[in-house]
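Remarks on the overall topology
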Amino acid sequence: MTEGTVSLPWLVIRQDDNGNRYRVGRYATRAEAQKIADSLDDRGHKQLYWVERIGHSNGDGASRN
């Protein structure tokens, strides 16, 4: 990372009822991303939300809700 560059390696991903996946947002920390995923998940919709680190698959560094 260079001076003035912000690293946002954590993604919140949403999967809809048809299996389509969308990036909801990028965040600097896992805790920040998890807070967003949890708040979206708490709304009671059928979509799945989870946190994933850029460059890692769901099996490595990800947390599903």
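Rules and cut-offs
- As a convention, each chain's residues are numbered from 1 in the sequence order in which they are written.
- Two thresholds apply to this predicted model, a pLDDT of at least 70 for residue-level local features and 80 or more for giving and counting side-chain atom pairs, whereas whole-chain, interface and lining totals are computed over all residues.
- Excluded from the side-chain calculation are hydrogens and water; included are all heavy atoms of the structure.
- Each helix corresponds to a stretch of at least 4 residues labelled H or I by DSSP, and each strand to a stretch of at least 2 residues labelled E; elements are numbered beginning at the N terminus.
- Working rule for helices: expected span equals 1.5 Å times residues minus one.
- Buried means the residue's accessible area, taken with a 1.4 Å probe over protein chains only, is under 20% of the maximum for its type, while exposed means over 50%, and partly exposed covers the values in between.
- An arc is given here, and it is the one of the directions from the helix axis to the C-beta atoms.
- Throughout, a contact is declared for two residues whenever any of their heavy atoms are within 4.5 Å.
- As used in this structure description, the phrase polar contact means that two N or O atoms lie within 3.5 Å; if the pair is within protein, one of them must be able to donate a hydrogen and the other to accept it, and residues adjacent in sequence are counted only when both atoms belong to side chains.

An unreviewed UniProt entry annotates the protein as SPOR domain-containing protein of Streptomyces hyaluromycini.

The terminal C-alpha atoms of helix 1 (residues 30-41), which comprises twelve residues, lie 16 Å apart, in line with the 16 Å expected from a rise of 1.5 Å per residue. Within the span of helix 1, buried status applies to Ala33, Gln34, Ala37 and Leu40. On an axial view of helix 1, the arc spanned by its buried residues comes to 125°, and they lie on one face. Exposed and oriented more than 90 degrees from the buried face of helix 1 are Ala31 and Lys35.

Our next topic: the environment of Gln15. Along the chain, Gln15 falls in strand 1 (residues 10-15). The contacts of Gln15, once residues within four sequence positions are left out, are Asn20, Arg21, Gln47, Leu48 and Trp50. Polar side-chain contacts of Gln15 include one of 2.9 Å to the side chain of Arg21.

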